[in-house]
Amino acid sequence: MNTEAAAIDDTSPPGRRWLVPALTLAAVVVVVAILDRELRQYHLQDVLHALRAMPAASLWWSFALTACSYWVLTAYDVLGLRYVGRKLPYRRTAVTSFIAYAFGHSFSLAALTGAAVRYRLYAPSGLAGLDVARVAGFTAVTSGVGIALLGGLALVVAPEATGTALRLYPGWALAAGIGILGAVAAYVVWAAASRAPLELWSWRVEPPGARLAIPQLGAGLADLLLSAAALWVLLPESAHMSFPAFAGVYAAAIVVSLISHVPGGVGVLEAMLLLTVPHSDTPSLLGALLAYRAIYYLLPLFAAALLMAALELAEQLPEWWPRQWPGHRRRVARTLHLAQRLVPQLLGSLVFFAGVVLLVSGATPGLDARLALLGDVLPLTVLESSHLVGSVAGLGLLVLARALFEKVNAAYQLTMILLAVGVGASLLKGLDYEEASMLAVVLLCLWLGRGQFQRRASLWQERFSPGWAISLAVVIGTATWIGLLAQRQVPYSHDLWWTFAADGDAPRMLRASLVVAVLAAGVLLAELLRPAQPEPALPDAAELDRARAIILESPSALANVALAGDKHLLFAPEGDAFLMYRITGRSWIALGDPVGPRARWEDLLWHYRELVDEHGGRVVFYEVGADSLPLYLDLGLALIKLGEEALIPLADFSLEGRPRAELRSARRRAERDGITFEIVPREGVAALLPALRAISDHWLDEKSAREKGFSIGAFSAAYLVNFPVAIVRRHGTPVAFANLWGSAGREELSVDLMRFGLDAPHGTMDYLFTELLLWGHEQGYRYFSLGMAPLSGLERHPLAPAWHRVGNLVFRYGEHFYNFSGLRRYKAKFLPEWQPRYLASPGGLALPRILLDVATLIAGGVTGLLAAR
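Conventions and cut-offs
Every chain is numbered independently, its residues counted from 1 as its sequence is written. Owing to the predicted nature of the model, reporting of local features is limited to residues with pLDDT of at least 70; listing and counting of side-chain atom pairs is limited to 80 or more, with chain, interface and lining totals taken over all residues. Side-chain measures here rest on the full set of heavy atoms in the structure, leaving out hydrogens and waters. A pairing counts as a salt bridge when a side-chain nitrogen of Lys or Arg comes within 4 Å of a carboxyl oxygen of Asp or Glu. Labels follow the DSSP assignment, with helices taken as runs of H or I lasting at least four residues and strands as runs of E lasting at least two, numbered in each case from the N terminus. Three labels apply to residues, based on accessible area from a 1.4 Å probe with only protein chains included: buried if under 20% of the type maximum, exposed if over 50%, partly exposed otherwise in between. By nonpolar core we mean a set of buried residues, namely Ala, Val, Leu, Ile, Met, Phe, Trp, Tyr and Cys, connected to one another through side-chain atoms within 4.5 Å. Any two residues whose heavy atoms approach within 4.5 Å at even a single point are treated as in contact. A fitted line through C-alpha atoms serves as each axis, taken over the contacting stretch for helices, and the angle formed by two N-to-C directions is quoted from 0 to 180°. Should an angle lie under 35 degrees it is considered roughly parallel, over 145 roughly antiparallel, and from 65 to 115 roughly perpendicular; all remaining angles are considered oblique. Less than a right angle of anticlockwise turn of the near helix away from the far helix marks a crossing as left-handed, whereas a clockwise turn marks it as right-handed. Gly counts as polar in this scheme, as do all residues outside two lists: the nonpolar Ala, Val, Leu, Ile, Met, Phe, Trp, Tyr, Cys and Pro, and the charged Asp, Glu, Lys and Arg. Each patch is assembled from residues with relative accessible area greater than 30% and no salt bridge, linking like charges that lie within 9 Å and nonpolar side chains (Val, Leu, Ile, Met, Phe, Trp, Tyr) that lie within 5 Å. Methods summary: accessible areas were calculated by the Shrake-Rupley approach with a probe of 1.4 Å, and residue burial reflects only the protein chains presented.

**Student:** Hey, could you go over the pattern of salt bridges for me, with residue numbers and the actual values?
**Tutor:** Applying the stated rule across the entire model yields 14 salt bridges. Where Asp-576 meets Arg-600, a salt bridge forms, and the shortest distance between an N and an O atom there is 2.9 Å. Residue Asp-576 is located in the loop between β3 (568–571) and β4 (578–584), and its partner Arg-600 is located in the loop between β5 (587–591) and α22 (601–614); the two are separated by 24 residues in the primary sequence. Accessibility expressed as a relative area gives 26% for Arg-600, which makes it partly exposed. When the shortest N-O distance is used, the salt bridge between Glu-771 and Arg-667 registers 2.6 Å. Of the two residues, Glu-771 is situated in helix α27 (residues 764–779) and Arg-667 in helix α24 (residues 661–672); the sequence distance between them amounts to 104 residues. One continuous salt-bridge network, built from bridges that share partners, spans Asp-566, Lys-567 and Arg-582.

This is the structure we're talking about:
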């Protein structure tokens, strides 16, 4: 079943992007209006009293039926895996299904349903993206068939009762039921007998066959029956409705909830049942609905969150884990490997939910007994301020949740702080230990998933989507309405705004709602007024092929780094030149000079400058050569010297003479140790990748380093197969390697990744470079580039620019952070020619931020920068 929907087009008309969010907003307005009308003559305390008065037996029955429903849901995934021809252990499938549905039921977000969440949970088991998409599509069809079958049976079995509830004449209800069942039967016949796929818009569904279609039908019906029964057993005695009729109403309510796109159908299900279920006691019916929300949605949600936290904690247990349990631990880790990394989307959703809880809590009154206890030990100022702080923290969590979806590290750090603030505020404003416990669970889950939030991007780099903006407005508006509903018995007066008292729930609600609304409006207004910040796509295979053809004609070895695929490419209109760049914050940082014919450079540079200016960015060129400086001056940019590149002339290179004695000694010592050297052409690199991976992993662990970026490549199979690789072997086993960058006309030879493994003897890298220099000489290359020595060669004259004086101080005293002078000394022993390299930028007061942006981009983030040695 190929169920891959068409990708969202970022260039789609604004009206289309706002259509679904606008419909969701309209649905919420209608729902709130219905609920407000139904509750007009009641108080929130009446609903809570009805909730507390519910029979324990009904609650236990609902809990048991909910457990059975989630158990049946695992059959969806089991059947889906059979459909794609994959078989996984049932325990793994069951956990995947439970987590996916626990989160999907509660949020109904596109990133948490269908292929997206299952891909993240099944990928560790080896399922390809297409297989996961087909599994997700199969489960979606199973759910749809179950809803249709349940609704059709209800209309046929009890047409009068169901028709009355749905405002249909019994005859029309019966006809509708027969029609729906006929459609289900047609699907079964097609699924069992047809071999042709069914294509509908961007969906392509392949028939599953009778062996899967019949169980699919049974699983879909059983799940809906159980979930409907979990609510039906909670209904008060005043709701006189048979189960068949209620099942039809429930199926219709589920359909309306899905159409509304309201997360979890919150409010939509309640409004539908208030309109259709005959009752005489509104508070009791609403109490039953609240209990159902807690049992069927919230309990599984937090069970899934705790499950992920426990599994992640099990993966991170130290070596002193009790020895008598190693087998158990291995089974847990093996069975639940899918939870080894907490999914950012799931954590972002939990944080969003935590924000909702804080806002709703701030809008509702606290318990009198707890407030009285707090009033005896805390000053009123603490109670009032904690209430306001909790609501503001809730708004902050709503805003940051979006950045967590994008794995932004800054959002992770701020969210951790706000969750901790929320825990404290919950306790100080009303001893809400239940709420504080929930926030603590989210905080724990987020901490355990800390390794997933490594993206060093601005919090405002991603624009608010229409859906997110509407969600923010809906949550704040709904929380405010709940607060007004809870305080309906308090007559409004202007004095309420300035009333401060331990029992002043209404004034606190008004002040918190106003502050949150103003702050949210400010956030959304700033978003609307912010200059457009596009998100250029990384180059696809076709663009990389275009770049490769240009690189083959370029005399610069650095041009090869474009094939790493981690930089955006801006091509000249003629298509024979390009410029590579990355965006961090407001800095658009281009690497090196343009690649391609020199005649194209000026126009391409101006095109890039105009593109950056259109989007309110800062244009930056990193590591440009001295011979192109006039072009950057013409752009109105300031220039600073970054350091010097070491270029070794190869035309007359040899190991003869006293200056090369150290290299000769390193070569002889390596040969005595059984070391050999060879150049593997790029066609043979793929076969060596496992050995190279082992060497690279050891090197990173030994250096306590992380992969760098931007100016160098990272270890990637797709990247390394583009180049020949120099291999150093010891007794035939690879112990070190370096991938080679060449250039047109054999002008320049260089290396990118240079790594050695555990068995590499001392001096291996000296031997590697020596052999590369000799090989480059034999191949007729003009220069060998050892790369740049940062801050090398800056002027020491008293009248030198301030940057040179600062750079010299860092070069001299900054060894703790980076081996500046040591790197220069190492390269100097190869007797290179030193060529200056420059940074072109707007300069001025923006220069420190630009330099920080460049440094963090190369180091792979602030953590990598501080960890550099």
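Moving on, there is more to tell.
**Student:** Please give an account of the nonpolar core that cites residues and values.
**Tutor:** Where a protein is soluble and globular, its nonpolar side chains tend to be buried together. Membership of the largest hydrophobic core comes to 109 residues, with the highest contact counts inside it found for Phe-246, Tyr-250, Leu-273, Tyr-292 and Leu-446. The element contributing the most residues to this core is helix α12 (residues 282–315), with twelve residues. In this view, Tyr-250 contacts Leu-224, Ser-227, Ala-228, Leu-231 and Tyr-292; residues no more than four positions away in its chain are not counted. Counting 43 residues, the second largest nonpolar core, distinct from the first, contains Leu-591, Tyr-719, Phe-723 and Val-854.

**Student:** Give me the lowdown on the packing of helix α3 (residues 56–83) against helix α9 (residues 210–232), citing residues and values where you can.
**Tutor:** In contact at an axis separation of 8 Å, α3 and α9 are set at 160 degrees when each is read in the N-to-C sense. Classified by the angle between their axes, α3 and α9 sit roughly antiparallel to one another. Crossing angle aside, the handedness with which α3 passes α9 is left-handed. Contacts between α3 and α9 involve Ser-62, Leu-65, Thr-66, Cys-68, Ser-69, Val-72, Leu-73, Ala-75, Tyr-76, Leu-79, Arg-82 and Tyr-83 from the first element and Leu-212, Pro-215, Gln-216, Ala-219, Gly-220, Ala-222, Asp-223, Leu-224, Leu-226, Ser-227, Ala-229 and Ala-230 from the second. A class-by-class count of the residues in the contact of α3 with α9 yields 16 nonpolar, six polar and two charged.

**Student:** Just give me the short version of a nonpolar patch on the surface, but keep the residues and values in it.
**Tutor:** Judged by side-chain polarity, Val-389, Leu-414, Ile-417 and Val-421 come together as a nonpolar surface patch covering roughly 290 Å² of accessible area. Per-element tally for the nonpolar patch: the top contributor is helix α17 (residues 409–430), with three residues. Summarising the element assignment, Val-421 is placed in helix α17.

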